[in-house]
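The residues making up each chain are set out below.
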Amino acid sequence: MTTSTKQPNNKPLSHLDWLESEAIYILREVAGQCSNPVLLFSGGKDSLCILRLAEKAFRPGKFPFPLMHIDTGHNYKEVIDFRDQRAAELGERLIVRSVEDSMKRGTVVLKSPDEPRNKHQSVTLLEAIEEFGFDCCIGGARRDEEKARAKERIMSFRDEFGQWDPKNQRPELWDLYNARSHKGENIRAFPISNWTEMDVWQYIEREKLELPSIYFAHQRDVVMRGGAIVPINVPLTNGEVINPPKAGEEVINMQVRFRTVGDITCTAPVISDADNVSKIVLETATTTITERGATRLDDQTSDASMEQRKKEGYF
Amino acid sequence: MTSTHTNQNTNHNDSLLRFMTCGSVDDGKSTLIGRLLFDTKTILADTLSQIERTSQKRGMEAVDLSLLTDGLQAEREQGITIDVAYRYFSTGTRKYIIADAPGHEQYTRNMVTAASTANLAIILIDARKGVLTQTRRHTYLAHLVGIPHIVVAVNKMDLVNYDQAIYDKICADYLDFANEIGLAQSKTAAGNDISFIPMSALNGDMLVDRLDNMPWYTGQTMLEKLEAAPTAHSEHAEAFRFPVQFVCRPHASDDHELHDFRGFMGRIESGEIAVGDAVTVLPNGYTSKVKAIQLGEEKLQSATTEQSVTLLLEDEIDTSRGDMIVKSSDVKEPVKQIEAFVCWLSETPMSPARTYVVRHTTRESKAKIGTISYKVDVNTLEQQAATDLKMNDIARISFKLAQPLMVDSYADNRSTGAFIIIDESSNNTVGAGMII
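Residues numbered from 1 in each chain as written. Chains lettered and ligands numbered in written order. Predicted model: local features only at pLDDT ≥ 70, side-chain atom pairs only at ≥ 80, totals over all residues. Heavy atoms only, no water.

Chemist: Looking at this structure, I do not really get the overall build of chain B. What am I missing?
Modeler: Check the secondary structure of chain B and you find seven helices and 22 strands. Counting every position in chain B, which comprises 436 residues, the buried fraction comes to 60%. For chain B, the proportion of contacts with a sequence separation of at least 24, taken over those separated by at least 6, is 70%. Of the accessible surface of chain B, which amounts to about 16,600 Å², a share of 47% is contributed by carbon and sulfur atoms. (Helix = DSSP H or I, 4+ residues; strand = E, 2+ residues; numbered from the N terminus. Buried < 20%, exposed > 50% of the residue type's maximum accessible area, 1.4 Å probe, protein only. Contact = heavy atoms within 4.5 Å. Areas by Shrake-Rupley, 256 points an atom, 1.4 Å probe, with all protein chains shown as cover.)

If you want it as structure tokens, here you go:
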């Protein structure tokens, strides 16, 4: 048995410093290897972390990519307003493409008007990739979110139909990422793959990042539907109000916050009194349910619903 | 949300360790990972109830912990593991990333992939079976990929009555083998050590809890071992290596002060750098001094391994992505010929007639295959003559390069000693190389 005699030269990086450094490295690899990348930015906590990382990676220069949001039309007003404000503060270009435009074009056909639009983002995303000729989309997905994502690469190859083939992924060794693609194909790059929900909140706390108000505990009218807390009568940016309560449902005014933010029709809040980031960090440390466990209605249709959506081009 | 326990630490100053687990399904690898996640309270209630439902659907009586690590539809349907998966957990002092490599099918390729980022490997041995061919294979591969810390977990001690004599015999056998392949003696830049833990992943002996079944073992439990293992950063090689990833030139900016800004962005792969240090840019050999180091808007006096920073130099020198900044006191000649161990990753065999692309740090070069010295049979470790490589093959090969590369030997530096091989027709990553 041999033991190492070498003394450590200095203190190892803290885990947040390490994760930050890795993410900056990945962002710079995208910039170095891809000719026309884009950063998918929803206004949510993960993409806000990536914006901060992009500042650390590329300032004092401009970002070597625009920001793009695929808007389902059913997003919380607070998040959309925040998205626009943040892009303006950064002075970076924001592209918005909407699922509603795809519906008008007839490329997205809803089964019923109140069907969740999350999965239809894939169609609009692929249309936008083609329109702008993007060869890489940077996203905020994390491997801890979902079991299919545990196997996803940091530079994840998609064919010309936007499809992910989990059985045929590029091997990824060391930090030697391969973001090459042929015309029409696409790389999805995930700089915060190795982060967990906890890391994201700790980073938000450390970097003092601002967030849309709905991440913090607030009073909201909700109903209980299928075991989930469903927000009702939600105002949109266009003045429309969606999600009326169904007949017989009791409307409750509850103190809630969102752990994950997506399309209104499929994102449920949790009961919480955490009204600042450090309280959220503590709550994240003590929760017994996963981030998507009680909060994403679209993840629960089957054991493999996320995998299925990713195969179809979802990020 | 009610708080009954804390499942993750809220400490901000903890370090990070990447490790891998090797062993075939029957060795209890899934149970080991499942228990680490379970006992560190990483598995949350809804995940558990989900795998309970799936276990029931499959007609199983007990909860199948391997469902935690088999994420894909095809894996769950067929009950097999297809690819490397990454899992996360944390304790009071550390965050962990587990590279979970499947035990069977495509084992070499998957093991090499998982091992490439790991600083510690847990090699499982079934106490009833002792050191097997696959133990040798896993050990050889872990050694080849330069994992400095090996923890041999002698599992299923409950099935041999927690007998110390059996454990001691397995340790002795393993060390004999380690000596045979030069593992026990080898000293890489990062140091090297082998340790042993008797355990029962099923019952939880010596994983997170000690339990009372093996009073004769006084060494560390698995979790204590993981908590104490040095991270890659704390034992890095000395030489300063800074591959340039991206050059920041905001000259078109409205801010006139930025017109002359020229920042070389990248990550320090090894060593340290301080303001005022004399540096040389390779391969062109230009020299200058470090004027400033930045991390985001923060100005640093010095920076160290694994930090992604921006370097500003005193002189305006022509430097671009793919160049390597080193200290002028420690310049190495770039080379156009390399000798390496290669693991072939692709279903399409390597053709010695073709030209491939080699990606080494941030630089790419066309490469022609020179001589294939021999292929290694990973089961017997015999060297065989070879003319081509098939998936999972490992061989010693020389390459002729179109571009000069600034390389170190893999034993000295896992970052500047490694490369991948890309097939330009498919853009696939088809090979992994470790420079000798």
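Chemist: Hey, could you run me through the sheet that holds strand 4 (residues 120-126) of chain B in this one?
Modeler: Strand pairs in the sheet, formed through backbone hydrogen bonds, run parallel or antiparallel to each other. Ordered in space as 2-3-1-4-5-6 (chain B), the six strands form an open sheet in which the pairing is mixed. Both outer strands of the open sheet, strand 2 (85-90) and strand 6 (193-198) of chain B, are each paired with one neighbouring strand and no more. Across this sheet, the average inter-strand angle for adjacent strands is 25°, counted without regard to direction. Pairing geometry for strand 4 of chain B and strand 5 (residues 149-155) of chain B, over seven bridges, is parallel. Across the sheet, B:L120 pairs through a bridge with B:H149, a residue of strand 5 of chain B. Along the sheet, helix 1 (residues 15-33) of chain A makes contact with strand 1 (15-22) and strand 3 (94-100) of chain B, crossing strand 1 of chain B at roughly 75°. Sheet strands touched by helix 1 (residues 29-39) of chain B: strand 1, strand 2, strand 3 and strand 4 of chain B. Its angle to strand 1 of chain B, the strand with the most contacts, is close to 155°. (Pairing = 2+ DSSP bridges. Axes fitted to C-alpha atoms, helices over the stretch in contact; angles between N-to-C directions.)

Chemist: How do you make sense of the environment of B:G219 when you look at a structure like this?
Modeler: Residues and elements named next belong to chain B. Topologically, G219 is positioned in the loop between strand 6 and helix 7 (222-228). By relative accessible area, which is 26% here, G219 ends up partly exposed. The spatial distance from the C-alpha of G219 to the C-alpha of P198 is 9.4 Å, given a sequence separation of 21 residues.

Chemist: Would you mind showing me how to read the packing of helix 2 (residues 45-58) of chain A against helix 6 (residues 197-207) of chain A here?
Modeler: Angle between the axes and distance between the axes are the two parameters that describe a pair of packed helices. All names here are of chain A. Contact pair helix 2 / helix 6: the axes reach a minimum separation of 10 Å and the direction vectors enclose 55°. With respect to their mutual orientation, helix 2 and helix 6 come out oblique. Crossing of helix 2 against helix 6: the hand is left-handed. Where helix 2 abuts helix 6, its residues K45, D46, C49, R52, L53 and K56 lie against E197, V200, W201, Y203, I204, R206 and E207. (Parallel < 35°, antiparallel > 145°, perpendicular 65-115°, else oblique. Left-handed = near helix turned anticlockwise from the far one by under 90°.)

Chemist: Help me understand the sheet that holds strand 5 (residues 155-158) of chain A in this model?
Modeler: All names here are of chain A. As summarised here, the arrangement of the six strands in space is 3-2-1-4-6-5, forming an open sheet in which the pairing is mixed. Strands with a single pairing partner mark the edges of an open sheet, and in this sheet they are strand 3 (94-98) and strand 5. Looking at each pair of strands side by side, their axes are set apart by 30° on average, direction ignored.

Chemist: Looking at this structure, how should I read the packing of aromatic side chains?
Modeler: For any pair of aromatic rings, the description consists of the separation of the ring centres together with the inter-plane angle of the planes. Per the counting criterion, the structure on display carries 19 aromatic pairs over all chains. Ring geometry for A:Y25 against A:Y177: centres 6.1 Å apart, planes inclined by 55°, an arrangement best described as tilted. In this pair, A:Y25 sits in helix 1 while A:Y177 sits in the loop between strand 5 and strand 6 (186-189), placing the two residues 152 residues apart along the sequence. Using a relative accessible area of 4% as the deciding quantity, one classes A:Y25 as buried. Plain terms: the ring middles of B:F240 and B:F242 are 6.2 Å apart, the flat faces sit at 10° to each other, and that makes the pair stacked. With respect to burial, B:F240 and B:F242 carry one shared label: buried. (Phe/Tyr/Trp six-rings, centres within 6.5 Å; stacked < 30°, edge-to-face > 60°.)

Chemist: How do you make sense of the nonpolar core when you look at a structure like this?
Modeler: If you look at soluble globular proteins, the nonpolar side chains tend to sit buried side by side. All names here are of chain B. Formed by 170 residues in total, the largest nonpolar core has its most connected members in F19, M20, Y174 and L226. When residues no more than four places from it in sequence are discounted, the contact partners of L226 are L17, F19, L36, F89, R94, Y96 and L120. Of all hydrophobic cores here, the second largest spans 22 residues; its members include Y356, I369, A395 and V407. (Core = buried A, V, L, I, M, F, W, Y, C linked by side-chain atoms within 4.5 Å.)

Chemist: Looking at this structure, how should I read the pattern of salt bridges?
Modeler: If charged atoms from side chains of opposite charge come close, those side chains can pair. Overall, the coordinates contain 52 salt bridges over all chains when judged by the stated rule. Two residues, A:R206 and A:D17, come together in a salt bridge whose shortest N-O distance is 2.7 Å. Note that A:R206 is positioned in helix 6 and A:D17 in helix 1, a separation of 189 residues in sequence. Using a relative accessible area of 28% as the deciding quantity, one classes A:R206 as partly exposed. Between B:E297 and A:R52 there is a salt bridge; the shortest N-O distance is 3.0 Å. Of this pair, B:E297 sits in the loop between strand 11 (286-295) and strand 12 (298-300) while A:R52 sits in helix 2, placing the two residues on different chains. (Salt bridge = Lys/Arg side-chain N within 4 Å of Asp/Glu carboxyl O.)

Chemist: I would appreciate a short explanation of the environment of B:G417 in the present structure.
Modeler: Residues and elements named next belong to chain B. Take G417: it is sitting in the loop between strand 20 (394-405) and strand 21 (418-423). The sequence separation of G417 and I436 amounts to 19 residues, and the corresponding C-alpha distance is 8.0 Å. Apart from the residues lying within four places of it in its own chain, the contact partners of G417 are D408, S409, Y410, G433, M434 and I435.

Chemist: Explain helix 7 (residues 277-286) of chain A here, please?
Modeler: Structurally, the α-helix is built with 3.6 residues per turn, so residues lying three or four positions apart point the same way. All names here are of chain A. Where burial is concerned, most of helix 7 is hidden: seven out of the 10 residues are buried. Restricting attention to buried positions, one finds in helix 7 the residues V277, I280, V281, E283, T284, A285 and T286. Where helix 7 is buried, its residues meet helix 6 and strand 11 (252-257).

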